[in-house]
Amino acid sequence: GDGDGGVERESDNSKDEVEGDTSFSREIDTKIINHAMNANRRTVLFESPIPEICKKEACVLGIDEAGRGPVCGPMVYGVSFAPLAVSEELKKEGFADSKVLTEQQRDHFFEMIKTSLFHKVGWKVDVMSSTDIGAGMLGRLKYNLNEQSHNSAIALIRKCLSDGVNVASVFVDTVGKAEKYQAKLQELFPQLSITVESKADAKYPIVSAASICAKVVRDKVIEHWQHPEDITSSTNFGCGYPSDPKTKKWLKDNTDPVFGFPSVIRFSWSTASKIIAESCLEVEWEDDDDEEEDTSYKRKSSQPVLTFEANATKKTKRAPRFLRRAALTQITDFGK
């Protein structure tokens, strides 16, 4: 969809109305676990059906993320929406920022959203794979984490609107400067009332609900993670934050001298790149010129795999091989 930075997101559940009992809860949990075990390199969207009340009555919509800081696993952006009166019910039920809740409390509230609140509260989560995050941040055209975060939030809002949710107000837990982010969203969605604040997940119950959805889904993905690579590495990553001794130990114990780490790891994190620089083999990168061509143009470098692309281009600005073969030159002055 628009605003997702070109990453294709696949919807993994039907939006047809189903009974608000445990059937949908079991169905979506199965799909999340299946993703963790069999398709975790993909960025994927999980979502609830749209409650009819959310199409008829003006709704508040909250956005928050889980897993921004960890070196392993996906970053998950969550959105929840409900009529204002229902949002107030969430506060009475005890919904709060997922970080201050216990795992048991988070699981309980997410189960409520999937069952007893099924016909009142809708939600979507964008599970952004560590592979896609790293590819964006390490690409030649840098796609930083803040921009990836903003585009996920924008795509989720657009998806809700296209699905018929009667959104009136949007509350977002900020990434970067709140004022700048709010102005960006307000320009994109002039018909909506946009509020971007720090700690919005603690101030607005609908953002708390989004926070809970994102956190529980990420935890479930990590819990059931199976490496897509043919390896025997454990999945006992610890909390995933670079400061966690268990996470640090896992990284050191599971470093491959050539390939670095399994795809669960975000290669773009300095914690990972430092270990690669210190512990992995240096790789010699050579220009792909034909042997018969002038070898004086060839360039070699021995350096870690993550840095070759940025550094290799500094030594020469030679035209690409396909242009040279066709005897074509680049023209920058087209006259008047």
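Everything here concerns the structure above.
Quick look at the structure, then. Because the structure is predicted, anything quoted here is derived from the model rather than measured.

Observations regarding the overall build of the chain
Helices and strands together make up the secondary structure of the chain, namely 13 helices and nine strands. The 336 residues of the chain split such that 46% are buried. At a minimum sequence separation of 6, the contacts of the chain that also span at least 24 residues come to 71%. Of the roughly 17300 Å² of accessible surface on the chain, 51% is carried by carbon and sulfur atoms.

Some words on helix α3 (residues 84-93)
V86, S87 and L90 are the residues of α3 that are buried. Take α3 and look down its axis: the buried residues cluster within an arc of 105°, on one side only. Looking at α3, the residues exposed on the side facing more than 90 degrees away from the buried face are L84, A85, K91 and K92. Each element contacted by the buried residues of α3 is listed here: β3 (59-66), β4 (75-83) and α9 (205-223). Two residues or fewer after α3 comes G94, characterised by a positive phi angle close to 105°.

Focus on the state of the cysteines
Evaluated as defined, the whole model comprises zero disulfides. The thiol of C59 is not disulfide-bonded; the next cysteine sulfur, from C54, is found 4.0 Å away. Owing to a relative accessible area of 2%, C59 belongs among the buried residues under this scheme. Here C160 stays unpaired: no disulfide links it, and the sulfur of C54, its closest cysteine neighbor, is 9.4 Å away. Judged by relative accessible area, which is 0%, C160 ranks as buried.

Considering the nonpolar core
If you look at the biggest cluster of nonpolar residues, it comprises 81 residues, and the most contacted ones within it are L61, I63, F95, W123, V170, L185 and I265. Sort the elements by how many residues they give to this core and α9 lands first, with 10 residues. Excluding anything up to four places from it in sequence, V170 contacts L61, I63, I157, L192, S193, I194 and T195.

Regarding the environment of D230
When you line up the elements, D230 lands in the loop between α9 and α10 (245-253). Through-space distance from the C-alpha of D230 to that of P262 is 9.6 Å; in sequence the pair is 32 residues apart.

Considering the pairing of strand β2 (residues 44-47)
A regular strand carries its side chains on alternate faces of the sheet. Burial of the side chains of β2 extends over both faces: V44 and F46 are buried on one face and L45 and E47 on the other. Looking at chain direction, β2 and strand β5 (residues 122-128) are connected through four bridges and run antiparallel. Bridged to F46 within β5 is V125.

Focus: a nonpolar patch on the surface
A cluster of nonpolar side chains, namely V258, F259 and L281, defines an oily patch on the protein surface of about 340 Å² accessible area. Tracing the sequence through the fold places V258 in the loop between α10 and α11 (270-279). V258 gets classed as partly exposed once you look at its relative accessible area, which sits at 46%.

A few points about the packing of aromatic side chains
Applying the stated criterion across every chain, the model contains seven aromatic pairs. Here F95 and F109 contribute two aromatic rings whose centre-to-centre distance is 4.4 Å and whose plane-to-plane angle is 35°, an arrangement assigned as tilted. With a gap of 14 residues between them, F95 in the loop between α3 and α4 (103-114) and F109 in helix α4 connect regions that are remote in the sequence. The two residues F95 and F109 agree in class, both being buried. Aromatic rings pair up to connect F24, F110, F118 and W123 into one cluster.

Focus on the packing of helix α1 (residues 22-38) against α9
Where α1 meets α9, the axes come as close as 8 Å, and the angle between the chain directions of the two elements is 50°. Judged on the interaxial angle alone, α9 and α1 are oblique. For the pair α1 and α9, the sense of crossing is right-handed. Taking contact as the criterion, the partners of D29, I32, I33, H35 and A36 in α1 are, on α9, V217, K220 and V221. Here the contact of α1 with α9 is built from residues that sort into five nonpolar, one polar and two charged.

Definitions and limits used
- Residues numbered from 1 in each chain as written.
- Predicted model: local features only at pLDDT ≥ 70, side-chain atom pairs only at ≥ 80, totals over all residues.
- Heavy atoms only, no water.
- Helix = DSSP H or I, 4+ residues; strand = E, 2+ residues; numbered from the N terminus.
- Buried < 20%, exposed > 50% of the residue type's maximum accessible area, 1.4 Å probe, protein only.
- Contact = heavy atoms within 4.5 Å.
- Areas by Shrake-Rupley, 256 points an atom, 1.4 Å probe, with all protein chains shown as cover.
- Arc of directions from axis to C-beta.
- Disulfide = S-S within 2.5 Å.
- Core = buried A, V, L, I, M, F, W, Y, C linked by side-chain atoms within 4.5 Å.
- Pairing = 2+ DSSP bridges.
- Patch = residues over 30% accessible without salt bridge, like charges linked within 9 Å, V, L, I, M, F, W, Y side chains within 5 Å.
- Salt bridge = Lys/Arg side-chain N within 4 Å of Asp/Glu carboxyl O.
- Phe/Tyr/Trp six-rings, centres within 6.5 Å; stacked < 30°, edge-to-face > 60°.
- Axes fitted to C-alpha atoms, helices over the stretch in contact; angles between N-to-C directions.
- Parallel < 35°, antiparallel > 145°, perpendicular 65-115°, else oblique.
- Left-handed = near helix turned anticlockwise from the far one by under 90°.
- Nonpolar A, V, L, I, M, F, W, Y, C, P; charged D, E, K, R; others polar.

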